[in-house]
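Now for the letters of each chain:
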Amino acid sequence: MAHHLEGSRNSCALHGALQLFEAIDGVVPVIHSTSGCGVQHYLGVTRMSGGNDPFGSPPVSSSNIGQKHVVFGGGSRLREQLKNTVKVVQADLYAIVTGCSTEMVGDDIAAMAREGRDQNWPVIYTNTPGFSGDVHHGYHLAVKALIEQLPDIWKERDKVPSGLVNIWGIIPNQDPFWRGNLQELGRLLEGIGLVPNLLLGSEQSVASWQQIPGAVLNLVLSHWGELPARLLADRYATPSITLDSLPIGTAISTLLRRLTELLKLDTIRTEAFISREESRLNFQFARLADIYFHAGFQREFVLVGESAQVVAIGEFLGKSLGLLPRTLIITDNPPDSVHQSLITRLASIVPGYDTEVIFSEDRTDITEFIRASAAQLVLGSSLEREVSEESGVPFFALSFPLADRIVLERSYAGYRGATTLLEDIGTAILAFNRDCHLC
Amino acid sequence: MSEKIGKHIAIYGKGGIGKSTTASNISAALTDSGYRVIQIGCDPKSDSTTILRGGNDLPTVLDTLREQSKLRIEDISAIGFGGVLCIEAGGPVPGVGCAGRGINAAVELLQELNVFDEFKPDFVLYDVLGDVVCGGFAVPIRDGLADRAFVVTSSDFMAIFAANNLFKAVNKYAPSGGARLGGVIANSILAAYAPELIDDFAEKTGTNVIGYVPRSLVVAQSELYGKTVIEAAPQSEQAQVYRNLAKYIDENEDSVIPKPLNSPELKKWAREWGDRIFEVETGVVHEMASI
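Residues numbered from 1 in each chain as written. Chains lettered and ligands numbered in written order. Predicted model: local features only at pLDDT ≥ 70, side-chain atom pairs only at ≥ 80, totals over all residues. Heavy atoms only, no water.

### Regarding the overall build of chain B
Basically, it comes down to this: What counts as a helix is a DSSP run of H or I of at least four residues, what counts as a strand is a run of E of at least two, and both are numbered from the N terminus. For the radius of gyration, the atom set is restricted to C-alpha positions; the globular benchmark scales as 2.2 Å times the number of residues to the power 0.38. Relative accessibility under 20% of the residue-type maximum defines a buried residue, over 50% an exposed one, and the middle range a partly exposed one, all with a 1.4 Å probe and only protein chains included. We call two residues contacting when some pair of their heavy atoms lies within 4.5 Å. Counted as positive: Lys and Arg. Counted as negative: Asp and Glu. His and the chain ends are not counted at all. For this purpose, a charge sits on NZ of Lys, CZ of Arg, CG of Asp or CD of Glu.
Each helix and strand counted, chain B has 10 helices and 8 strands in total. Over its C-alpha trace chain B gives a radius of gyration of 19 Å, about what one expects of a compact globule, namely 19 Å for 291 residues. The dimensions of chain B, computed from C-alpha atoms along their principal axes, are 70 × 40 × 40 Å. Across the 291 residues of chain B, 53% fall into the buried class. Within chain B, counting contacts between residues at least 6 apart in sequence, those at least 24 apart form 79% of the total. Here chain B holds 27 positive side-chain charges and 37 negative ones, and the gap between their average locations is 3 Å.

### Things to note about the pairing of strand β7 (residues 217-220) of chain A
All names here are of chain A. Heads up, the condition is: Pairs of strands are assigned from DSSP output, requiring at least two bridges between the strands. Every crossover in which the path from the first strand over the helix to the second runs clockwise, viewed with the strands pointing away from the viewer, is termed right-handed.
Neither face of β7 is left uncovered, since the one carrying Leu-217 and Leu-219 and the one carrying Asn-218 and Val-220 both have all their residues buried. Where β7 meets strand β8 (residues 240-242), 3 bridges bridge the pair, whose relative direction is parallel. Residue pairing for β8: Val-220 is matched across the bridge by Thr-242. In this region the chain leaves β7, passes through helix α10 (residues 226-236) and returns to the parallel neighbour β8; the handedness of that crossover is right-handed.

### Let's talk about the pattern of salt bridges
Residue and element names in this part refer to chain A. Stated formally: For this document, the term salt bridge refers to a Lys or Arg side-chain nitrogen within 4 Å of an Asp or Glu carboxyl oxygen.
Tallied over the full model, the rule gives 29 salt bridges over all chains. Close ionic contact of Asp-424 with Arg-405 constitutes a salt bridge, the shortest N to O distance being 3.5 Å. With a gap of 19 residues between them, Asp-424 in helix α17 (residues 414-438) and Arg-405 in the loop between β13 (395-397) and α17 connect regions that are remote in the sequence. Each member of the pair, Asp-424 as well as Arg-405, is classed as buried. If you follow the salt bridges from partner to partner, you end up with Glu-184, Arg-187 and Glu-277 in one network.

### Considering the domain arrangement of chain A
All names here are of chain A. The criterion, for reference: For each domain, the first and last residues come from an automatic or database assignment. Note on definitions: buried area is the accessible-area loss of two parts on being combined, 1.4 Å probe, summed for both. N or O atoms closer than or at 3.5 Å make up a polar contact, with two conditions inside protein: a donor-capable atom paired with an acceptor-capable one, and, for residues adjacent in sequence, both atoms drawn from side chains. Basically, the charged four are Asp, Glu, Lys and Arg, the nonpolar ten are Ala, Val, Leu, Ile, Met, Phe, Trp, Tyr, Cys and Pro, and anything else, Gly included, counts as polar.
Splitting chain A by domain gives domain 1 (13-153), domain 2 (164-267) and domain 3 (285-438). The C-alpha-based centres of domain 2 and domain 3 are spaced at 25 Å. The contact between domain 2 and domain 3 buries some 2,400 Å² in all, and 61% of this surface belongs to carbon and sulfur atoms. A per-residue breakdown of the area domain 2 buries against domain 3 is headed by Phe-177, Trp-224 and Ile-248, which together make up 30% of the total. In this assembly, domain 2 and domain 3 are joined by 1 salt bridge. Taking the shortest distance from any N to any O, the salt bridge between Asp-244 and Arg-345 comes out at 2.8 Å. Between the two partners, domain 2 and domain 3, sit 12 residue pairs in polar contact (both at pLDDT 80 or more). The set of elements that each furnish at least two residues to the side of domain 2 that touches domain 3 consists of α8 (178-191) and α11 (251-262). It is α8 that provides the largest number of residues to the side of domain 2 that touches domain 3, a total of 7 residues. In terms of residue class, the side of domain 2 that touches domain 3 is made up of 10 nonpolar, 11 polar and 5 charged.

What follows is the structure in C-alpha cells.
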C-alpha cells in the first residue's frame, strides 16, 4: 500500500541534470522552467552537500516562465533567455534543462537548441521534468545528452592520450565526497599507468567529454553508471568494467589488478604501486591497534546512504576493520533488478553474522530501522543525527544530505580515503566516549 | 468566491457538433425573453459568439492579457444580438502552449474583473471546446463555476463517445461541488433512427434528452449571414426549437449525476445499434417488431 514519504533525500531529475552540468568547467546550464526550480536546487541539494555549491550562491540562468508562457508556449522566452545568457556569460557549452511546467506544455526545446546552434552557439538540451524521475534519472539524462549531442557540435576529434579511462556513476553532490573520491581514483589510475578521464570536478571541462569516444575503457562505479557505459558500447564499442562502488582500502587493489590484466599494463609497476600503498595503509592500521581496542571500535553499526557508498563503506568497515554491519539502508532506489545481488553481497560481509539490508528513502522508516537495530554506531546523513542522539550512540555524517560538514577535497575512496575514514569515524567515537565520561 | 450571480450553464460536446450554434441560439432566445445573458467561448478558435455579433472581430481575453497587463471589461467583450455580452477566452495557436491552462487563466481573470457583479447576468453560458481532454477543459464544471452542464450530441458514435466522456468528468466532479448534468441536446437530427438512438443512450446513462434540433438549412443560411436563427428567421420552426430549449433551461432546474458507460459497455451498445440500423436500412423485419 502506498504511504507518504518523509524527508526524501532524492531530489528531482532537473536537479540531477544540473548537478552534472555544474560539475563541468565551462558548462553553463540554462533552466527553462518556473522561477523556483533553480533556487530549490541550491537550497535543497548543493547547499546540503557539505558546501559543494560551485559558485557560493545560485546564479543560474533561468527563463522563469509565467502564466502567459504556459498558455501560449514558452519557446520564445527560452529563445530570449538563451540569447541573453550568451551575451552575459562566455561558455564552452550551454545546456538547456527543463522543468515540469514547460514539459507539460510541450515547448519544443530541441528546436530552440537547434536555433542556438544555427547561430554557432554550442548548445545542447535535455528534457528533465521532475515528474520523469529523481536525481539519478537526471544524471542519466544529462550524461546521455552530452554523449549524443556533443559529437554534433564538435565534429573534429582531438588526439586522445593512450590508456584513457572514462569514469561513470559518481553523481556530484549526491555523493558529497565526489571531488575527493575522483581525485583519489585518478591518482590510483595514474599510479598503474592509465590516464583517468574523470569528467567531473576541477580541471574537467567540455574537452574531457570530447575525449570520451577515444577511451580504452569505461569504468563504472555504481549502477547509475551502467547507462552511459551501454551507450558508449553501442556507439564506439568501448569495453567497460562495472562495479557496485568505488572500493575503499585494500579492496581497491583487486580493481587495479583487474585493470592491469584487461588492458595489458605493466604488472611489475602495478604490483609495486599496490605494495607501496598497502604498506602505508597497513602501517596506519597497526598504529590504530591500541586505540581500536581501548576505545571499543569494534561495534555493531548502521549505515545509511546511496548503494555505492553503502557497499564501499560497509565492506571496508566489516571486512578490513572488523566492525559489524547490523543494518545497511540503501536510499538511492536502485533498479529492482539489482536488489537481490546487493542483498546477497551486503548480507555476507561478515560470514555468520546477520546483516539486515533495507531499501528505503523514507526518513520515518529509516529512523525506525535505526531504533530497532540497537546498533552502537550510526553512520548516515545529517537526517540521522537526531535519532542517534536520542538513542545515545555515536554518530558520524557521511552521506547526502550533509548539512553540518564542510567537504572540499575529502575522500573516502581508495587507499588514502581509507585512512581518512578511519580518522573521522575514530574521532567521532572518541568524542562520544569523552562526552559520556564528562556527563 | 462571492455569491454567484445568475444561472451558470456549460455547453459541451464533440468538436463540430454544433455547440456554438446551439449556445448562441439559446443565448439569443434567452435575451429575447428579456434576460441578461453572458456567453463565454472557451475555445482557442474564438468563434463561439461570432453569430451573436454579426461576425465582427472581438479581441480574446488571453490575447489581450498577453499585450497589456491591466484589462477592462470593455477591452475583452462586445455587446451582441439582444444585448448578449460576448466574451472569447481565446488560447494559443495549434500545437503550442496549453489551451487547458488558458481557459483556467481566462476564467480567473473574468472573476477578478468582477464581470458578473457589473453585468448582473441572469444567465452565463460557457461554450467549451470539443472533448474534455484534460483538467483545463473541465474548469467550467469544476469548483461550482457552472451549476449545470448540457451536452450537445448527434447520433454519430464519436459524438456519443465525447458525450460519454463528459459524463465521466461530471460524475467525477459533481459529488464535490462541481456541475451536474442538465441534460442532452440532440442535434443535427436527420436520420429516422437518430432520436431513438440518442434516447437509448440517455436512458442507459441515467440522463434525459431535453430537445431535438433537426438538421436545417435555416441554420446554415443564418450562419452565412453571421446571425443566429432567432435573429435571422425568428418566425421559423427552427427558431421555436431553440426557444423551447431556452425555455427548458430557464424553467427546469432538474439535474443528475450521469452514469457513464465503460469502454466495453459503450462498444457493445454501439454494435447493437449498428446491427439495428443495418436491419432497418436493409428491410429486415422481425416478428412483432415495429420501428
